[in-house]
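Residue-level structure breakdown
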Amino acid sequence: MAGKKKIIIIISLIFVIAAVTAVVLLLRNKEEEYRLLKIFEVDGTANVFREEKGDIAPYVNMVLESGDKVSLDAGKLSIQADDDKFIYLEEQTEILLKASGDASDSKTKIEVLKGSITNDIQNKLSEDSTYEVNTPNSTMSVRGTVFFVMTYEVDGVKYTRVCVFDGQVDTRLLFKDGTIDKNSVSVMKGKEVTIYEDGTTTDYVSEPTDIDYSTLPDSVLLKLKGINDEGKELSITNPEITRILEGPYYVTFMYKGEVFGTQTVKKGEKAEEPILSPAASGKWDYDFSKPVERDITIEWK
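This text gives an overview of the structure that appears in the document. (Residues numbered from 1 in each chain as written. Predicted model: local features only at pLDDT ≥ 70, side-chain atom pairs only at ≥ 80, totals over all residues. Heavy atoms only, no water.)

**Observations concerning the side chain of Asn-134**
Mapped onto the elements of the fold, Asn-134 is located in strand β7 (residues 130-135). Looking at Asn-134, its side chain comes within polar contact range of the side chain of Glu-111, at 3.2 Å. Separated by 3.0 Å, the side chains of Asn-134 and Glu-132 make a polar contact. If sequence neighbours within four positions are ignored, Asn-134 has contacts with Lys-109, Ile-110, Glu-111, Val-112, Thr-139 and Met-140. (Helix = DSSP H or I, 4+ residues; strand = E, 2+ residues; numbered from the N terminus. Polar contact = N/O pair within 3.5 Å; in protein donor to acceptor, adjacent residues only side chain to side chain. Contact = heavy atoms within 4.5 Å.)

**Regarding the layout of surface pockets**
Computed from the structure, the largest pocket encloses a volume of approximately 360 Å³. For the lining of the largest pocket, the per-class residue count stands at seven nonpolar, five polar and seven charged. (1 Å grid on protein atoms, 1.4 Å probe; cavity = no way out; pocket = protein on both sides within 12 Å on 5 of 7 lines; lining within 4 Å. Points joined across faces, edges and corners; volume = space filled by probe spheres on them. Nonpolar A, V, L, I, M, F, W, Y, C, P; charged D, E, K, R; others polar.)

**Remarks on helix α3 (residues 238-246)**
Looking only at α3, the buried set comprises Asn-238, Ile-241, Ile-244 and Leu-245. Mapping the buried residues of α3 onto a view down its axis gives an arc of 120°, with all of them on the same face. Across α3 from its buried face, at more than 90 degrees, point the exposed residues Pro-239 and Glu-246. The inward-facing, buried residues of α3 abut α2 (218-229) and β16 (249-255). Taken from the residues just after α3, Gly-247 is the one with a positive phi, measuring 85°. (Buried < 20%, exposed > 50% of the residue type's maximum accessible area, 1.4 Å probe, protein only. Arc of directions from axis to C-beta.)

**Examining the pairing of strand β11 (residues 168-173)**
Side-chain alternation along β11 places Val-169, Thr-171 and Leu-173 on a buried face and Gln-168, Asp-170 and Arg-172 on a face that remains uncovered. Strand direction decides the pairing type here: β11 and strand β12 (residues 185-188), joined by four bridges, are antiparallel. If you follow Thr-171 over to β12, its bridge partner there is Val-185. (Pairing = 2+ DSSP bridges.)

**Structural notes on the environment of Thr-108**
Locating Thr-108 in the fold gives a position in strand β6 (residues 107-121). In this structure Thr-108 comes out as buried when scored by relative accessible area, which is 4%. It is 6.0 Å that separates the C-alpha atoms of Thr-108 and Lys-98, two residues lying 10 residues apart in sequence.

**A closer look at the pairing of strand β3 (residues 69-81)**
Regular strands have side chains that alternate between both faces of the sheet. Pairing of strand β1 (residues 37-50) with β3, which is carried by 12 bridges, proceeds in the antiparallel orientation. Within the sheet, the bridge partner assigned to Gly-44 lies in β3 and is Gly-75. Alignment of β3 against strand β5 (residues 93-100), held across four bridges, turns out to be antiparallel. Note that in β5 the partner of Val-70 across the bridge is Ile-95. Bridge analysis of β3 against strand β4 (residues 85-89) gives five bridges, and the strand direction is antiparallel. In the strand pairing of β4, Ile-79 is matched with Ile-87.

Quick look at the structure:
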């Protein structure tokens with residue numbers, strides 16, 4: 001009788017251990033699949049689409065899942081991945097999130113379906129971790145950096161713009177058939193690159209060039225200013241950001257590749273057409289009724 005009780009106790013313990021192990025594995029698998037992924041900030045018109053639940057109104061600290069499609073129509077929305085990765089969406093942006101692994105081997109993939117995002121990876125990734133951003137015509141991988149990715153279309157040609165403010169981003173072409181170019185182009189701190197796809201060709205517009213900060217959205221410049229305030233030294237300083245946002249702005253008049261004249265204009269004011277003309281025929285290629293919002297170069301045509 002004592003032997004039977006002992007067997008029953010042993011079997012019961014086995015069942016308990018198996019049940020506990022199953023729960024632990026389930027929780028571990030869920031952690032590995034989703035990690036920490038949540039809405040960090042939201043203020044405006046936004047949405048989260050989840051396959052099994054449909055549309056969900058996002059809220060601060062809302063836990064996101066791998067496979068969620070997050071969109072921002074107007075306002076602000078940012079996502080926190082783990083403790084040290086932040087994704088800031090611009091208006092009219094839609095992304096698909098994929099996350100797996102744990103703190104030691106995190107895998108983060110962001111599909112930018114439309115619009116643009118700013119990425120702030122505050123710490124260098126571990127050797128087994130990856131952070132990847134994909135667009136319709138390119139894929140990029142990083143180890144730890146601050147960079148901006150923008151997708152847009154002009155006359156049927158699809159473009160991806162990548163600006164790196166800190167660290168390095170390795171970009172690769174993504175062809176229409178789904179294959180990825182084996183060669184990569186590295187975009188270093190202070191540089192940007194643009195990729196195009198016109199229906200037949202996918203390629204780089206040019207080699208990486210210096211970032212044209214004046215063409216970045218104000219919201220991105222303000223984010224960069226905040227990151228600088230946190231102690232990072234990005235490729236643009238806060239005084240430079242302030243001048244882009246607030247002026248004064250420089251207006252340069254060009255004739256046949258040479259500077260004909262310059263003006264300094266306060267934010268919101270208009271440039272004045274020069275009294276003298278560089279040639280008897282032609283005109284300045286600019287609408288002088290528009291207020292100046294950035295440094296501009298005006299050509300004589």
